[in-house]
Amino acid sequence: MKKIIFISAIFLTLNLISCKTVKEIPQDLTIAQLIQKGQDAYGIANYEEAETYYLTAIERFGDNTNNYIEVKYELGHLYLKTKNYDKAHAAFTEILELYDYASTGMLPPEYKKLAQIGLSKIPENKTN
């Protein structure tokens, strides 16, 4: 468990450094509301705003590994859609690495499979 928290903290720090501010996001939004707003922005092809909501969700709620994995998957999916294959690959790979360190049953099983599917959708020779 300590390894998961340590890895999450490292990636949280990296994501905070790259976070872009599109607009002021209310402090009282829940994780579910942030994800929903990210999905809504994604749905209307406002990818920069979607990314901001997802990164904010990680910033505010990323200390919970389950939340972190869910939002990281959303980011991977976004990066795949926008053909930012390096970032998509990094997001999906990070999710799978978290599962490698976790005890069986500790993490939601669906995101492991979704991350594997996401990785398989990245065209060959499109990542470094």
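Refer to the structure printed above.
Kindly report on the overall build of the chain, identifying the contributing residues and their values.
A tally of regular secondary structure across the chain gives six helices and zero strands. For the chain, the N- to C-terminal ordering of α and β elements is α-α-α-α-α-α. Burial statistics for the chain: of 128 residues in total, 41% are counted as buried. Working note: accessible area of the chain is about 7,400 Å², and carbon and sulfur atoms make up 52% of it.

Outline helix H2 (residues 31–43), listing residues and values.
With 13 residues, H2 extends 18 Å between its outermost C-alpha atoms, agreeing within 8% with the 18 Å of an ideal straight helix rising 1.5 Å per residue. Those residues of H2 lying buried are Ile31, Leu34, Ile35, Gly38 and Ala41. Projection of H2 onto a plane perpendicular to its axis shows the buried side chains occupying an angular sector of 125 degrees, all on one side. Opposite the buried face of H2, by more than 90 degrees, sit the exposed residues Ala32 and Gly43. Its buried side turned inward, H2 meets helix H3 (47–61) and helix H4 (65–81). Within two residues after H2, alanine 45 carries a phi angle of roughly 65 degrees, on the positive side.

Give me the lowdown on the nonpolar core, citing residues and values where you can.
Counting 32 residues, the largest nonpolar core has Ile69, Val71, Leu75 and Phe92 as the members making the most contacts within it. Every element with two or more residues in this core is listed here: H2, H3, H4, helix H5 (85–101) and helix H6 (109–120). Ranked by residues supplied to this core, first place goes to H4 with eight residues. Contacts of valine 71, omitting those with residues within four sequence positions, involve Ile31, Ile35, Tyr54, Ala57 and Ile58.

Which residues make up the packing of aromatic side chains, and what values do they have?
Here a ring pair, both rings aromatic, is described through the centre-centre distance and the interplanar angle of the planes. For the coordinates displayed, the defined rule picks out three aromatic pairs. Ring centres of tyrosine 73 and tyrosine 111 lie 5.9 Å apart, and the angle between their planes is 50 degrees; this geometry places the pair in the tilted category. Here tyrosine 73 is found in helix H4, whereas its partner tyrosine 111 is found in helix H6, with 38 residues between them in sequence. With relative accessibility at 14%, the residue tyrosine 73 sits in the buried group. Judged by its relative accessible area of 12%, tyrosine 111 falls in the buried class. Aromatic ring contacts, followed pair by pair, group Tyr73, Phe92 and Tyr111 into a single cluster.

How would you explain the packing of H4 against H6 if you had to name every residue and give the values?
Two elements in contact, H4 and H6, have axes whose closest approach is 11 Å; the angle formed by their N-to-C orientations is 15 degrees. When the axis of H4 is compared with that of H6, the two are roughly parallel. Read as a crossing pair, H4 and H6 show a hand that is left-handed. Side by side, H4 and H6 meet where Ile69, Glu70, Tyr73 and Leu80 of the first sit next to Tyr111, Leu114, Ala115 and Gly118 of the second. In terms of residue class, the contact of H4 with H6 is made up of six nonpolar, one polar and one charged.

What counts and how
- Residues numbered from 1 in each chain as written.
- Predicted model: local features only at pLDDT ≥ 70, side-chain atom pairs only at ≥ 80, totals over all residues.
- Heavy atoms only, no water.
- Helix = DSSP H or I, 4+ residues; strand = E, 2+ residues; numbered from the N terminus.
- Buried < 20%, exposed > 50% of the residue type's maximum accessible area, 1.4 Å probe, protein only.
- Areas by Shrake-Rupley, 256 points an atom, 1.4 Å probe, with all protein chains shown as cover.
- Expected span 1.5 Å × (residues − 1).
- Arc of directions from axis to C-beta.
- Contact = heavy atoms within 4.5 Å.
- Core = buried A, V, L, I, M, F, W, Y, C linked by side-chain atoms within 4.5 Å.
- Phe/Tyr/Trp six-rings, centres within 6.5 Å; stacked < 30°, edge-to-face > 60°.
- Axes fitted to C-alpha atoms, helices over the stretch in contact; angles between N-to-C directions.
- Parallel < 35°, antiparallel > 145°, perpendicular 65-115°, else oblique.
- Left-handed = near helix turned anticlockwise from the far one by under 90°.
- Nonpolar A, V, L, I, M, F, W, Y, C, P; charged D, E, K, R; others polar.

Geometric values such as these leave the question of function open.
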